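# Residue-level structural notes
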Amino acid sequence: MVKCPACSVVFMQGDYPALARHFSKLTEQNDIPHVMWLNRYITNQKQDESTLAKLISDYFDLKGSTLQKWIRRRFIEKFYGDKTHPFVLALQHPSRSTLVGYVVEHQHFLRQWVRSCSYVVAKTDKLDVTYYELDNINTEFGGFDGRPSHYELLLRMGESLGLARGKILETAPLPDTAFALKSWDQIAREGHWVETMAAMHSLELIADKTVVEDGAKMTYFDPSILKTSEVTDGTKNFLREGYEADVGHSKEALDLVEKYASELGLIEDVQATFVKSMDLFHLYLMARLERGEYLS
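First, a word on scope: everything that follows refers to the structure included in this document. (Residues numbered from 1 in each chain as written. Predicted model: local features only at pLDDT ≥ 70, side-chain atom pairs only at ≥ 80, totals over all residues. Heavy atoms only, no water.)

### Remarks on the layout of surface pockets
- Roughly 970 Å³ of volume is contained in the largest pocket.
- Surrounding the largest pocket, 33 residues form its lining, Trp37, Arg40, Tyr41, Lys276 and Asp279 being those nearest its centre.
- Listed by contribution, the elements that provide at least two residues to the lining of the largest pocket are helix H2 (32-41), helix H4 (67-80), helix H10 (175-190) and helix H14 (267-295).
- The greatest single-element share of the lining of the largest pocket, amounting to 7 residues, is contributed by H14.
- As for the second largest pocket, its lining consists of 33 residues, of which Glu140, His150, Glu204, Gly242 and Ala245 are closest to the centre.
- Those elements that place two or more of their residues in the lining of the second largest pocket are helix H6 (96-123), helix H7 (127-142), helix H12 (233-243), helix H13 (247-263) and H14.
- Grouping the constituent residues of the lining of the second largest pocket by class yields 16 nonpolar, 8 polar and 9 charged. (1 Å grid on protein atoms, 1.4 Å probe; cavity = no way out; pocket = protein on both sides within 12 Å on 5 of 7 lines; lining within 4 Å. Points joined across faces, edges and corners; volume = space filled by probe spheres on them. Helix = DSSP H or I, 4+ residues; strand = E, 2+ residues; numbered from the N terminus. Nonpolar A, V, L, I, M, F, W, Y, C, P; charged D, E, K, R; others polar.)

Okay, here's the thing in structure tokens:
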């Protein structure tokens, strides 16, 4: 099915003319989410419906490639392209402000991450997916082989920056973070589990150090900070966990997405939900910077 990436209204498979009519109608009404989506991904110039349908179809066209490669390319364009995301720029050599904003907002994200993965486990009947997600849940919250979980490492990072653990935990998310979390939760509750996997695991690409192999101008942060005294040891321990993680692990998630999206005829649904998740992630990363300004 073709799904609107701005509002999730569903059309028949491949019916990009209907999707274009949908966008044209709502942009004529100055509906902000639809106007902004077209401006970000398609064009900021008014187009007739036929031309708009072609432009939208071209954006989602795999062009003989794989769904995973399409997701990777679009993610790099969004966060590591000509306009690298401001949070990524700030994290290259981060100030305390950037890092404390990261900690306070991200602890909410990780809790939603586990809920989203749990929805996948509850909905799927595929054992390979179940095992994969259980491993993710354990890594994020349980820890393994005597190693602390990612959530625990995040809280220790906050403590190393002078934040009290209790203060971190009791601080409510900023409005943009809360909106993104609610939207991800809705995707997990109402969407297909394959869409939920795509929405959440595509976001792991932000810390994938191999993005430079596909055109990114930088990695999530300058790895030299792991070898100097520029940041606290708690910060190094948290950042290192993602940077040195097995790249194959995140690839495995997108392999599973590709496999079952193809098998179940969900490729277009997955594409639209992935793009929606990218927009939520952009908003959420900006909230990290906003929080840092409040706490600096």
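Let us keep going from here.
### Considering the packing of aromatic side chains
- Inspection of every chain in the model, using the stated rule, returns 26 aromatic pairs.
- Between Trp193 and Tyr260 the ring centres are 5.5 Å apart and the planes differ by 65°, which places this aromatic pair in the edge-to-face class. Highlighted residues: Trp193 in helix H11 (residues 193-201) and Tyr260 in helix H13, separated in sequence by 67 residues.
- Its relative accessible area of 6% is what places Trp193 among the buried residues.
- The rings of Tyr16, Phe23, Trp37, Tyr41, Tyr59, Phe60, Trp70 and Phe274 are connected pair by pair, giving a single aromatic cluster. (Phe/Tyr/Trp six-rings, centres within 6.5 Å; stacked < 30°, edge-to-face > 60°. Buried < 20%, exposed > 50% of the residue type's maximum accessible area, 1.4 Å probe, protein only.)

### Side note on empty space enclosed by the protein
- Within this structure, the stated rule accounts for 1 cavity of 30 Å³ or more.
- By volume, the largest cavity amounts to about 40 Å³.
- If you go around the largest cavity, the residues you meet are Val2, Lys3, Tyr16, Phe60, Glu268 and Gln271.
- Contributing elements (two or more residues each) for the lining of the largest cavity: strand S1 (2-3) and H14.
- Tallied by class, the residues present in the lining of the largest cavity amount to 3 nonpolar, 1 polar and 2 charged.

### Here's the deal with the nonpolar core
- With 91 residues, the main nonpolar core has Trp37, Tyr80, Trp184 and Phe281 as its most contacted residues.
- Broken down by element, the residue count for this core peaks at 11 residues, all from H6.
- Apart from residues lying up to four places away in sequence, Phe281 is in contact with Phe75, Phe79, Phe109, Trp184, Leu203 and Ile206. (Core = buried A, V, L, I, M, F, W, Y, C linked by side-chain atoms within 4.5 Å. Contact = heavy atoms within 4.5 Å.)

### Thoughts on unusual backbone geometry
- Positive phi values are uncommon outside glycine, yet Ser8 reaches one of about 70°.
- Relative to the helices and strands, Ser8 resides in the loop between S1 and strand S2 (10-11).
- Look at Ser8 and you get partly exposed, because its relative accessible area is 28%.
- At Asn30, a residue that is not glycine, the phi angle is positive and equals roughly 60°.

### A short note on H4
- Taking 1.5 Å of rise per residue, 14 residues should cover 20 Å, and H4 covers 19 Å from first to last C-alpha, within 8% of that figure.
- With 11 of 14 residues buried, H4 lies mostly within the body of the structure. (Expected span 1.5 Å × (residues − 1).)

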